[in-house]
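Below, each chain spelled out in residue letters.
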Protein chains: 2
Amino acid sequence: MTVRPDIKVVDATIRDGGLCNNFEFTDEFVKSLYKTNIECGVDYMEFGYKASKKLFNESDFGKWKFCDEEALRSVVGNNESPMKIAVMADVGRCDFRNDFLPKSESVIDMVRVACYIHQIPAALEMIQYFHDLGYETSCNIMAVSQANESQIESALDMLGQSCVDVIYLVDSYGYFYPESAAELAQKYVEYGEKYNKLIGFHAHNNQNLAFANTIETMSYGVSYLDATASGMGRGAGNCAMELLLGFLRNPKYSLYALLTFIEKYILPLKAQGVKWGYDIQFMITGQLNQHPREAMKFTADGRTDYCNFYKFISDNE
Amino acid sequence: MTVRPDIKVVDATIRDGGLCNNFEFTDEFVKSLYKTNIECGVDYMEFGYKASKKLFNESDFGKWKFCDEEALRSVVGNNESPMKIAVMADVGRCDFRNDFLPKSESVIDMVRVACYIHQIPAALEMIQYFHDLGYETSCNIMAVSQANESQIESALDMLGQSCVDVIYLVDSYGYFYPESAAELAQKYVEYGEKYNKLIGFHAHNNQNLAFANTIETMSYGVSYLDATASGMGRGAGNCAMELLLGFLRNPKYSLYALLTFIEKYILPLKAQGVKWGYDIQFMITGQLNQHPREAMKFTADGRTDYCNFYKFISDNE
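Just so it is clear, the model here is predicted, and its values are computed rather than measured.

Scoring rules and cut-offs
- Residues numbered from 1 in each chain as written.
- Chains lettered and ligands numbered in written order.
- Predicted model: local features only at pLDDT ≥ 70, side-chain atom pairs only at ≥ 80, totals over all residues.
- Heavy atoms only, no water.
- Contact = heavy atoms within 4.5 Å.
- Buried area = accessible area lost by both parts, 1.4 Å probe.
- Salt bridge = Lys/Arg side-chain N within 4 Å of Asp/Glu carboxyl O.
- Least-squares fit on C-alpha atoms with pLDDT ≥ 70 in both.
- Domains from an automatic or database assignment.
- Buried < 20%, exposed > 50% of the residue type's maximum accessible area, 1.4 Å probe, protein only.
- Helix = DSSP H or I, 4+ residues; strand = E, 2+ residues; numbered from the N terminus.
- Pairing = 2+ DSSP bridges.
- Axes fitted to C-alpha atoms, helices over the stretch in contact; angles between N-to-C directions.
- Core = buried A, V, L, I, M, F, W, Y, C linked by side-chain atoms within 4.5 Å.
- Right-handed = clockwise from strand over helix to strand, strands pointing away.

A. Region of the structure containing the interface of chain B and chain A. Of the residues lining the interface, 35 residues belong to chain B; the matching set on chain A comes to 35 residues. With both sides pooled, the region where chain B packs onto chain A buries about 3000 Å², and carbon together with sulfur makes up 68% of that total. Three residues, Tyr177, Tyr256 and Cys307 of chain B, lead the burial of chain B against chain A; their summed loss comes to 18% of the area buried on that side. Summed over the shared surface of chain B and chain A, the number is zero salt bridges.

What follows is the structure, encoded as structure tokens:
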């Protein structure tokens, strides 16, 4: 029942949820979510990606794929709130030397650098660059359920010795059970304590365990907890913010404004056909520790022939 | 990775799921589920309630509210399978002295006696009666999230000294988090070891934790694990069998036949408008440790005004 002052709740709805609707949120949606998050006591709001405009055509995506400073300011002004603003920068897909202002000229507070484990050297270069610009940084190592222990330990050592502030355990494939997530979280926390870094957790809901894994890893010392409104996120989605806020006993956090937001903005989005959330096809790729791309295609095609999917995915291994 | 020989998987689809459709399953549905469960390695299949025909009109419900011997035999014959057949008998709603044959004349293997904690003395009377008829028995103490520790300990002592075979921890309101479920499970297991009883767990999915809580309590020594096809069950539903079978590493259990069943029988049921599963209104009653009846009414009325519901439920406390 005690309050953990290290806990930070991170709303990733626009960023991970943007993968469900090509980042095509209305301005009203984003503005309302910003206000909602502040009312709920959310600590960070991640707005989207800083994707390279050389690699991606601006006209092919909503603006939160790029998170231009003007776009951010049109929502948050100068962000006169206690909530911090985050964006994600993908290794290899971000023109980071051109697309970031110095922190003193930007409303962005934190840059989250996402990479696969073999890209850690490239991530470190970006982290140093963002740190030097004045930003808080995190490194979100994706798909670690497919990495082996020595790779992970080596990555944690490299990050430990860097200037990064937060190291994220990311269950990209929704493969972890609470027990395995907790085991790995303990390792991250151990390195975090050694190197004075905080640890974060980003869940996917393939086996309907996103919330359970989030609170389990939290109980083992993870501080940064990613969640999204109604779990909106790629494929099976993420940890639902409403479940997380209902769980946290800190009176700083409250649920009510989020319920209003869900009623007014999330339900219409679902009614329009934007799809995410737990379903059998995601369970299958999660159980098999596979990327959900085939399950996402199955969903997009409106298929429900789970047996064929199961056979296809099992053969494919 | 080792196999726990004490684990028993219990399919409660017809019984708990029957609360979603007034027990009006087609014969084909029930027969197919019976075959599916056998193929998947399920240990027990619960067919429904043995409800009193004095209290309930037969014409108001599907036949699995009553589980007559002929109805059971029309599905399972003499049940020439390793899977056992269970039915539920509710304290106060079961004409148990009239409605049960001796075990030697019945295909039923186990009678699960459901009661609230203040009804333990009545449950004990029924358990003794069923035991004397030759049945395996369990006692499913409902809504223990609202009972206090000394009540629970006293109930476990009384049951420990009885002839009951299995004692169930039942999270009727979907209130428990994995940590609290595990804590209580440890207490049940401790009493189980003292009195030589096995422990079961029956989850509800109000906070999307039914599966997580099931595998968590299992890791603390719970043996009987209730699950239902696609989580079909009252309100937010139960632990999904497909998630549980995917988790268990015992090669005795397999998933494939269940996927076929879901595709062929569960999806059409959902398409017909039979409703169950996690949703905000159930999360709210779960977080508040309340009976889901108001949330079920909200669902049945097709409402989505979560904020009004939240205010109503909070005021109501």
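Back to the text.
B. Expanded view of the relation of the copies chain B and chain A. Overlaying chain B on chain A yields an RMSD of 0.0 Å, the required transformation being a rotation through 180° with an accompanying axial translation of 0.0 Å. In symmetry terms, the pair is related by a two-fold rotation axis. It is Ala212 of chain B whose C-alpha, among those of chain B, lies nearest the rotation axis, at 3.1 Å. A symmetric contact is evident, with 100% of the interface residues of chain B recurring at the interface of chain A.

C. The arrangement of the domain arrangement of chain A in detail. All names here are of chain A. Domain boundaries assigned for chain A yield domain 1 (8–271) and domain 2 (280–315). Taken together, the contact pairs eleven residues of domain 1 with ten residues of domain 2. Buried surface at the junction of domain 1 and domain 2, summed over both partners, amounts to about 940 Å²; 56% is from carbon and sulfur atoms. On the domain 1 side of the contact with domain 2, Tyr173, Asn206 and Arg234 bury the most area, a combined 49% of that side's loss.

D. Representation of helix α8 (residues 210–219) of chain B in the model. For α8 of chain B, a buried count of nine out of ten residues is recorded, marking the element as mostly surrounded by other parts of the structure. The secondary structure elements touched by the buried residues of α8 of chain B are α7 (178–195) and α8 (210–219) of chain A together with α7 (178–195), β7 (198–202), β8 (224–227) and α9 (241–247) of chain B. Directly after α8 of chain B, the chain includes Gly221 of chain B, whose backbone phi takes a positive value near 110°.

E. Structural detail: the pattern of salt bridges. All chains considered together, the criterion is met by 40 salt bridges over all chains. With a closest N to O distance of 3.9 Å, Asp157 of chain A and Lys194 of chain A form a salt bridge. Taken together, the residues Asp157 of chain A in helix α6 (residues 149–160) and Lys194 of chain A in helix α7 connect sequence positions 37 residues apart. The partner of Asp95 of chain B in a salt bridge is Lys54 of chain B, and the shortest N-O contact between them spans 3.1 Å.

F. Representation of the sheet that holds strand β1 (residues 8–11) of chain A in the model. Residues and elements named next belong to chain A. The strand order around the closed barrel formed by eight strands is β1-β2-β3-β4-β5-β6-β7-β8, and the pairing between neighbours is parallel. Shown here is a sheet whose adjacent strand axes are inclined to one another by a mean of 25°, direction ignored. One ladder, built from two bridges, connects β1 with strand β2 (residues 44–49); its direction is parallel. Residue Val10 lies in a different strand from β2, and its bridge partner there is Tyr44. Relative to β2, helix α1 (residues 13–21) is tilted by about 40°, and along the sheet it contacts β1, β2, β3 (84–90), β4 (110–115), β7 (198–202) and β8 (224–227).

G. The side chain of Asp171 of chain A, seen in detail. Mapped onto the elements, Asp171 of chain A comes out in the loop between β6 (166–170) and α7. Apart from residues lying up to four places away in sequence, Asp171 of chain A is in contact with Phe176, Phe201, His202, Ala203, His204 and Asn213 of chain A.

H. View of the nonpolar core. Core analysis: the largest hydrophobic core is formed by 238 residues, its most contacted members being Phe47 and Trp64 of chain A together with Phe47 and Trp64 of chain B. Those residues within four positions of Phe47 of chain A in sequence are excluded, and the remaining contacts are Ile14, Arg15, Val30, Tyr34, Trp64, Cys67, Leu72, Val75, Val76, Ile85 and Ala86 of chain A. One finds Tyr44, Met110, Val170 and Tyr224 of chain A within the second-largest nonpolar core, a separate group that totals eight residues.

I. Spotlight on the pairing of β7 of chain B. All names here are of chain B. Burial analysis of β7 places four of its five residues in the buried class, which makes it a mostly covered element. In the classification by handedness, the crossover that spans strand β6 (residues 166–170), the intervening α7 and the parallel β7 is right-handed. Each parallel crossover has a hand, and the one from β7 via α8 to β8 is right-handed.

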